[in-house]
Amino acid sequence: MDERLMHTMSHSYLEITYRQGKPLAAYLYLPRQTGDYSADVEERRPGYLIDLAVDGRAIGIEMPSPSQVTLEGINQVLAELHLAPLEPQELAPLVAA
């Protein structure tokens, strides 16, 4: 397991996976507690899969088609989860890819 995830995480961060220089997938890590893992996955909107902890809390958002991700789309998902929206610069690496 990634050492960064072994401790309580109090902020979100974006991870982008590339293949041959093009974004293959993206994942927004949401705040989580020590020991959290994805126990279930729920599609909230097309193109956004929510990883849920055992207790039902959202701990991440999978974006399997990163070229279709928009700031408005991800912020709508975050609003549905009662989480703060992303600022444009937080999604800029994905938009630029």
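The structure contained in this document is the topic of the report that follows. Everything quoted here is computed from the prediction, not taken from an experiment.

## Examining the overall build of the chain
Along its length, the chain carries two helices and five strands. Secondary structure of the chain in N-to-C order comes out as β-β-β-β-β-α-α. Evaluated residue by residue, the chain yields a buried proportion of 33% over its 97 residues. For the chain, long-range pairs separated by at least 24 residues make up 39% of all intrachain contacts whose partners lie at least 6 apart in sequence. Surface exposure of the chain reaches about 6,000 Å², of which carbon and sulfur atoms provide 52%.

## Considering helix H1 (residues 71-80)
Helical periodicity: at 3.6 residues per turn, an α-helix aligns residues three or four positions apart in one direction. Residues of H1 that are buried include every one of Gly73, Ile74, Asn75, Val77 and Leu78, and no others. Taken together, the buried residues of H1 touch strand E2 (22-29), strand E3 (40-45), strand E4 (48-52), strand E5 (58-63) and helix H2 (88-96). Where H1 ends, the next residue or the one after it, His82, has phi of about 60 degrees, a positive value.

## Concerning the nonpolar core
Within the largest apolar cluster, 18 residues are counted, with the highest numbers of intra-cluster contacts made by Leu28, Ile61, Met63 and Ile74. Breaking this core down by element, the ones donating at least two residues are E2, E4, E5, H1 and H2. If we skip the residues at most four places from it in the chain, Ile74 touches Leu28, Tyr48, Ile61, Met63, Leu86 and Leu91.

## Some details on the pattern of salt bridges
Using the criterion set out here, one finds four salt bridges in the structure. One salt bridge connects Arg57 with Asp36, and the closest N-O pair in it is separated by 2.8 Å. Residue Arg57 is found in the loop between E4 and E5, and its partner Asp36 is found in the loop between E2 and E3; the two are separated by 21 residues along the sequence. On the basis of relative accessibility, which here comes to 24%, the residue Arg57 falls in the partly exposed class. Note that Glu42 is salt-bridged to Arg44, the shortest N-O span being 2.4 Å. Through salt bridges with shared partners, a single network forms among Asp36, Asp55 and Arg57.

## Topic: unusual backbone geometry
Among all residues save glycine, negative phi is the norm, and among peptide bonds the norm is trans. The backbone of Gln20 sits at a positive phi, close to 50 degrees, despite the residue not being glycine. Following the sequence through the fold, Gln20 ends up in the loop between strand E1 (13-19) and E2. Since its relative accessible area comes to 79%, Gln20 is described here as exposed. Notably, His82 is not glycine yet its phi reads approximately 60 degrees, a positive angle.

Criteria and cut-off values
Residues numbered from 1 in each chain as written. Predicted model: local features only at pLDDT ≥ 70, side-chain atom pairs only at ≥ 80, totals over all residues. Heavy atoms only, no water. Helix = DSSP H or I, 4+ residues; strand = E, 2+ residues; numbered from the N terminus. Buried < 20%, exposed > 50% of the residue type's maximum accessible area, 1.4 Å probe, protein only. Contact = heavy atoms within 4.5 Å. Areas by Shrake-Rupley, 256 points an atom, 1.4 Å probe, with all protein chains shown as cover. Core = buried A, V, L, I, M, F, W, Y, C linked by side-chain atoms within 4.5 Å. Salt bridge = Lys/Arg side-chain N within 4 Å of Asp/Glu carboxyl O.

Function cannot be inferred from these measures alone, as they are strictly geometric.
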